[in-house]
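What follows is the residue order along each chain.
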Amino acid sequence: RAGGDAGLRHGLRGRRSNRKTSETVKQRAVELYRQKKQAKLWHDYGPTLAVEELAEQHGIAISRETLRQWLIEAKLWRARRARVEQAHVWRARRARYGELVQWDSEHDWLEGRGEKLYLIAMIDDATSRLTARFVGHDSTEENLRQLGGYVKQHGRPVSVYTDKASLFQIAPRASHHRDAPQQQLTQIGRALQELNIEWIAAHSPQAKGRIERSFQTAQDRLVKGLRQVGAKDLPTANAYLQQVFVPLWNRRFSREPQLAGDAHRAVLPETNLDSVLSIRQSRTVGQDHT
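Scoring rules and cut-offs
- Residues numbered from 1 in each chain as written.
- Predicted model: local features only at pLDDT ≥ 70, side-chain atom pairs only at ≥ 80, totals over all residues.
- Heavy atoms only, no water.
- Helix = DSSP H or I, 4+ residues; strand = E, 2+ residues; numbered from the N terminus.
- Buried < 20%, exposed > 50% of the residue type's maximum accessible area, 1.4 Å probe, protein only.
- Contact = heavy atoms within 4.5 Å.
- Core = buried A, V, L, I, M, F, W, Y, C linked by side-chain atoms within 4.5 Å.
- Salt bridge = Lys/Arg side-chain N within 4 Å of Asp/Glu carboxyl O.
- Phe/Tyr/Trp six-rings, centres within 6.5 Å; stacked < 30°, edge-to-face > 60°.
- Axes fitted to C-alpha atoms, helices over the stretch in contact; angles between N-to-C directions.
- Parallel < 35°, antiparallel > 145°, perpendicular 65-115°, else oblique.
- Nonpolar A, V, L, I, M, F, W, Y, C, P; charged D, E, K, R; others polar.
- Pairing = 2+ DSSP bridges.

(A) Local environment of the overall build of the protein chain. Helix and strand content of the protein chain: 8 helices and 5 strands. Considering only C-alpha atoms, the protein chain reaches an extent of 105 × 50 × 40 Å along its principal axes. Counting across all 290 residues of the protein chain, residues that qualify as buried make up 38%. Contacts in the protein chain between residues at least 24 apart in sequence constitute 69% of all its contacts with a sequence separation of at least 6.

(B) Quick look at the nonpolar core. If you look at the biggest cluster of nonpolar residues, it comprises 22 residues, and the most contacted ones within it are Trp109, Phe134, Leu222 and Leu226. If you list the elements that add at least two residues to this core, you get strand S2 (118-124), strand S3 (130-135), helix H6 (209-228) and helix H7 (234-252). For Phe134, the contacting residues outside a window of four places in its chain are Trp109, Leu117, Tyr118, Leu119, Leu222, Leu226, Leu234, Ala237, Asn238 and Leu241. Tyr118, Val160, Phe168 and Leu273 belong to the second largest nonpolar core, which has 21 residues in total.

(C) Fine view of the pattern of salt bridges. Within the structure shown, the criterion is met by 15 salt bridges. Two residues, Glu142 and Arg145, come together in a salt bridge whose shortest N-O distance is 2.9 Å. Taken together, the positions of Glu142 and Arg145, both in helix H4 (residues 140-154) and 3 residues apart, correspond to about one turn of that helix. When its relative accessible area of 17% is taken as the criterion, Glu142 is described as buried.

(D) Representation of the packing of aromatic side chains. Applying the stated rule across the entire model yields 7 aromatic pairs. Ring centres of Trp42 and Tyr45 lie 5.2 Å apart, and the angle between their planes is 5°; this geometry places the pair in the stacked category. Here Trp109 and Phe134 contribute two aromatic rings whose centre-to-centre distance is 6.2 Å and whose plane-to-plane angle is 65°, an arrangement assigned as edge-to-face. Remark: Phe134 occurs in strand S3 and Trp109 occurs in the loop between strand S1 (101-107) and S2; sequence separation between them is 25 residues. For Trp109, a relative accessible area of 1% corresponds to the buried category. The class for Phe134 is buried, based on a relative accessible area of 1%. Taken together, the ring pairs connect Tyr33, Trp42 and Tyr45 into an aromatic cluster.

(E) Inspection of the packing of helix H2 (residues 47-58) against helix H3 (residues 64-73) at higher detail. Following both chains from N to C, one finds H2 and H3 inclined at 110°, their axes separated by 9 Å at the closest point. The angle between H2 and H3 falls in the class roughly perpendicular. Residues Pro47, Thr48, Ala50, Val51 and Leu54 of H2 form the contact with H3, whose own contacting residues are Arg64, Leu67 and Arg68. Partitioning the contact of H2 with H3 into residue classes produces 5 nonpolar, 1 polar and 2 charged.

(F) Inspection of the sheet that holds S1 at higher detail. Pairing is mixed across the open sheet formed by 5 strands, whose spatial order is S3-S2-S1-S4-S5. Of all strands in the sheet, those with a lone pairing partner are S3 and strand S5 (198-201), marking the two edges. Neighbour to neighbour, the strand axes of the sheet diverge by 20° on average, direction disregarded. Sheet topology note: the strand S4 (residues 159-162)/S5 ladder contains 4 bridges and is parallel. Pairing of Tyr161 across the sheet is with Ile200, part of S5. Lying on the sheet, H6 is in contact with S1, S2 and S3; it crosses S1 at an angle near 40°.

So this is what it looks like as structure tokens:
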């Protein structure tokens, strides 16, 4: 009433916000980003990861959008046009922790600094909790070792979801003979059967999207983290993975399951886990006892 129509406007309109970040902080954040980008440390960092690094390493606490606008203004970041994607109906998560575990492997993590490493990962479908380990070869032995480590740490999941790689299934042979043997199991398939863990095969990478998206995140964050610590070999890479990345993932990207409780089952007392997870071969003794 006292100010008339102009009284309807906010009192700070046209003035600097009381919450606006100081120009000194802005210049320091932008300059740090520029220096690290020129030094090839942050050359592939986006605003989201850069904000986290600025807060952890330099004590600069700002929002992602604030940094993005600063970088666009300084011509250090280009605004990207949002992609228009076809509508996709996501498969609902399993309701309980341990009902379904997605299992896969990926490689090329050290950017040429050392030996070729594979990442074998298992991610719970209900909670997105991650269990992972770097190995030198994506072999049956290493995958059995990963399965054993998971079972010892969490228990037996109800089912696992993998691709159709030869590690998990043997391609059936065409045969119409009535006495033809049934489809044989791989070493991993036999171990899963003996542990009473259901194996579900995905017909496409998109079907096991939970772990495929986790690898996309790892290819961004994990690769850069390994670069920062200068990882060049398997022990250093695994140390960073177990001490930094996996705890970070489970703290930030995991979620509560729809239903409370744990569907993992303990290993039965009579089960010899070492025997289950070993490589078994069947041989026939000939007439000459060989």
